[in-house]
Amino acid sequence: MTARAADRTRYDRATAHLDAPVAVVDLEAFDSNADDLVRRAGGKPIRVASKSVRCRALLERVLARPGFAGIMSFTLAESLWLARSGFDDVLLAYPSADRAAYAELAGDPKLAAAVTVMVDDPAQLELIDAARSGGTEEIRVCLELDTSLRLLGGRVRVGALRSPLRSPGQLAELARSVERRPGFRLVGLMAYEGHVAGVGDSVAGRPLRSRAVRLMQAAARRELAARRAEVVRAVRAVAPGLEFVNGGGTGSVQHTAAEAAVTEIAAGSGLYVPRLFDNYTSFTGRPAALFAQPVVRRPGVGVVTVLGGGYPASGAAGPDRLPVPYLPEGLRFDPQEGPGEVQTPLLGSPADDLLIGDKVWFRHAKAGELCERFDELRLIEGDRITATVPTYRGEGRTFL
């Protein structure tokens, strides 16, 4: 029996009393992935990206492990909710225009001490001040550095369109704006190199593309390491009390951790290991989060149909954003239908061994987005469910 077939046996046994659809997290795989992230971080703390987990119980679990410290959140409302829930170090990774939430933040000393907001434009400081509604608490601020690789004199950009701030001078000038402005304190600097951390460099059947990605990423790492160090020096000259410099992501943990200027690493997807993280030379994780759909039809030889399953991930539309049938091994989508809103035909010889009511296990393309489809996660240890925990959605929280 292959390791995957053994996993299928465990998951089927653990959930035999449950009807699908159902979502599970294999805690042995989850903990093993956490250990691997810590190993690659080389002693630097890992800040957990909440958007890749979206379950308070699992955030608590990983933050209780040595090597993890703090949360990187994705909306201000989520940040306040987490702070009220007892998480005392929450870095908001994106600028916000949520005036009501800023008013709450400025009016509550506990929240203001726990949450750090992201800024890359003086206009964002103006918006925060205008939203205070009389609140006088000091707002903790982090600046974001654009990490994209610019080639051919800037005519070619590789990387996400995020912060407009690239140079040490630009970051230092905004740091001075924060320092001069009453009611704000500059505490951090963030730089997320998504074109390194979030792009696989070993795609099956694509050797030339994979080599091109590796060459691009090597050049991007060299350029960013030098520029990030200069930026940190420039910002620390303005704000000597800077508390942290955050960088990285699941796919670049060990590379970013090697930079002396970086004090902490961000990662989250590496805990669940969705399918987009299968194509890396830098690490190999264990799929920990899966969902099952029930077989409801057998249209013919070599075909079964499961209920639903059309859960695409965000990003530029393409086959890599779709979930994949994972267990039993050997199933594939019908190219004319793909994963559907209410039904998904699956092709392949394993279909002939599946009966009405059997489960087919899938992996999502991305990590935390799976939790937007399910109210609960069943936590599996061995071949037993040991806990059932709510997702954000299960707690009535849909932040985006």
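The chain goes by Amino acid deaminase/aldolase in an unreviewed UniProt entry, where it is assigned to Streptomyces argenteolus.

Trainee: Just to check I follow, could you spell out the overall build of the chain for this structure?
Mentor: From N to C terminus, the chain includes 12 helices and 19 strands. In terms of overall size, the chain behaves like a compact globule, its C-alpha atoms giving a radius of gyration of 22 Å where 400 residues would be expected to give roughly 21 Å. Seen through its principal axes, the chain has C-alpha atoms that stretch 70 × 50 × 35 Å. When the 400 residues of the chain are sorted by exposure, 54% land in the buried category. Taking the contacts inside the chain whose residues are at least 6 apart along the sequence as the reference set, 69% of them involve residues at least 24 apart. Accessible surface computed for the chain: about 16800 Å², of which carbon and sulfur atoms make up 52%.

Trainee: Help me understand the sheet that holds strand β4 (residues 90–92) in this model?
Mentor: By way of backbone hydrogen bonds, the strands of a sheet pair with one another, either parallel or antiparallel. Taken in spatial order, the eight strands of this closed barrel run β2-β3-β4-β5-β6-β9-β10-β11, and their pairing is parallel. On average, each strand axis in the sheet is tilted by 30° relative to the strand beside it, whichever way the strands run. As defined by bridge partners, strand β6 (residues 139–144) adjoins strand β9 (residues 184–191) across six bridges and the pair is classed as parallel. Across the sheet, V141 pairs through a bridge with L186, a residue of β9.

Trainee: Before we go on, may I ask you to explain the packing of aromatic side chains in this structure?
Mentor: Each aromatic ring pair is described using two quantities: the centre-to-centre distance and the angle formed by the ring planes. Under the defined criterion, the tally for this structure stands at 14 aromatic pairs. Between the aromatic rings of F30 and Y272, the centroid separation amounts to 6.2 Å while the plane-to-plane angle is 50°, which identifies the pairing as tilted. Highlighted residues: F30 in helix α2 (residues 27–41) and Y272 in helix α12 (residues 269–272), separated in sequence by 242 residues. Three or more aromatic residues joined by ring pairs form one cluster here, namely F291, Y311, F333, F362 and F374. Taking NZ or CZ as reference, R40 lies 4.3 Å from the ring centre of F283, over its face. If you follow R47 out to its NZ or CZ, it ends over the ring of F244, 5.2 Å from the centre.

Trainee: Would you mind going over the nonpolar core with me for this structure?
Mentor: Generally speaking, a soluble globular protein has its nonpolar side chains buried in company with each other. Counting residues in each nonpolar core, the largest one holds 93 residues, and the members touching the most others are L58, V117, L143, Y272 and L377. In terms of residue count, the dominant contributor to this core is helix α10 (residues 207–238) (seven residues). Other than its neighbours up to four places away in sequence, L377 contacts A23, V25, C55, L58, Y272, C371, A387, T388, V389 and T391.

Trainee: What should I look at first to understand the pairing of β9 in this one?
Mentor: β9 sits mainly inside the fold: seven of its eight residues count as buried. Pairing of β9 with strand β10 (residues 244–247), which is carried by four bridges, proceeds in the parallel orientation. Paired with L189 across the bridge in β10 is V245.

Trainee: Whenever I open this one, the side chain of R132 confuses me. Can you help?
Mentor: Note on placement: R132 falls in the loop between α7 (122–131) and β6. There is a polar contact of 2.9 Å between the side chain of R132 and the backbone oxygen of E137. At 2.8 Å, the side chain of R132 and the backbone oxygen of G183 are in polar contact. The residues contacting R132, other than those within four sequence positions of it, are A103, A106, E137, I139, G183 and F184.

Trainee: Teacher, can you tell me more about a nonpolar patch on the surface here?
Mentor: Together, L151, L152 and V156 make up a nonpolar patch on the protein surface, roughly 240 Å² of accessible area in all. Within the element layout of this structure, L152 appears in the loop between β7 (149–151) and β8 (156–158).

Trainee: So what exactly am I meant to see when it comes to the side chain of D31 here?
Mentor: Take D31: it is sitting in helix α2. Apart from the residues lying within four places of it in its own chain, the contact partners of D31 are R61 and R65.

Trainee: What is the right way to look at the pairing of strand β5 (residues 115–119) in this model?
Mentor: For a regular strand, the rule is simple: side chains alternate between the two faces of the sheet. Of all five residues making up β5, five are buried, and the element is well covered by its neighbours. The sheet contact formed by β4 and β5 spans two bridges and is parallel. Bridge pairing in β5 places L91 opposite T116. Bridging between β5 and β6 involves four bridges; their strand directions are parallel. Opposite V119, over in β6, you have L143 as the bridge partner. Tracing the backbone out of β5, into α7 and back to the parallel element β6 gives a crossover that is right-handed.

Trainee: When you look at unusual backbone geometry in this model, what are you seeing that I'm missing?
Mentor: Most peptide bonds are trans, and most residues other than glycine sit at a negative phi. Residue P21 follows A20 across a cis peptide bond; omega there is 5°. Among the structural elements, P21 can be located in the loop between α1 (3–14) and β1 (22–26). Following L327, the chain continues to P328 via a peptide bond in cis, the omega torsion being 0°. If you trace the backbone, P328 turns up in the loop between β14 (324–327) and β15 (332–333). In the Ramachandran plot, S133 falls in the positive-phi region, its phi being about 50° despite a non-glycine side chain.

Trainee: How should I be thinking about the environment of A29 in this particular structure?
Mentor: Residue position: A29 is located in helix α2. Exposure remark for A29: the relative accessible area of 1% places this residue in the buried category. Sequence spacing of A29 and I380 is 351 residues, and the spatial spacing of their C-alpha atoms is 9.8 Å. Setting aside chain neighbours within four positions, we find A29 in contact with R286, P287 and A288.

About the criteria used
Residues numbered from 1 in each chain as written. Predicted model: local features only at pLDDT ≥ 70, side-chain atom pairs only at ≥ 80, totals over all residues. Heavy atoms only, no water. Helix = DSSP H or I, 4+ residues; strand = E, 2+ residues; numbered from the N terminus. Rg over C-alpha atoms; globule rule 2.2 N^0.38 Å. Buried < 20%, exposed > 50% of the residue type's maximum accessible area, 1.4 Å probe, protein only. Contact = heavy atoms within 4.5 Å. Areas by Shrake-Rupley, 256 points an atom, 1.4 Å probe, with all protein chains shown as cover. Pairing = 2+ DSSP bridges. Axes fitted to C-alpha atoms, helices over the stretch in contact; angles between N-to-C directions. Phe/Tyr/Trp six-rings, centres within 6.5 Å; stacked < 30°, edge-to-face > 60°. Lys NZ or Arg CZ within 6 Å of the ring centre and 35° of its normal. Core = buried A, V, L, I, M, F, W, Y, C linked by side-chain atoms within 4.5 Å. Polar contact = N/O pair within 3.5 Å; in protein donor to acceptor, adjacent residues only side chain to side chain. Patch = residues over 30% accessible without salt bridge, like charges linked within 9 Å, V, L, I, M, F, W, Y side chains within 5 Å. Salt bridge = Lys/Arg side-chain N within 4 Å of Asp/Glu carboxyl O. Right-handed = clockwise from strand over helix to strand, strands pointing away.

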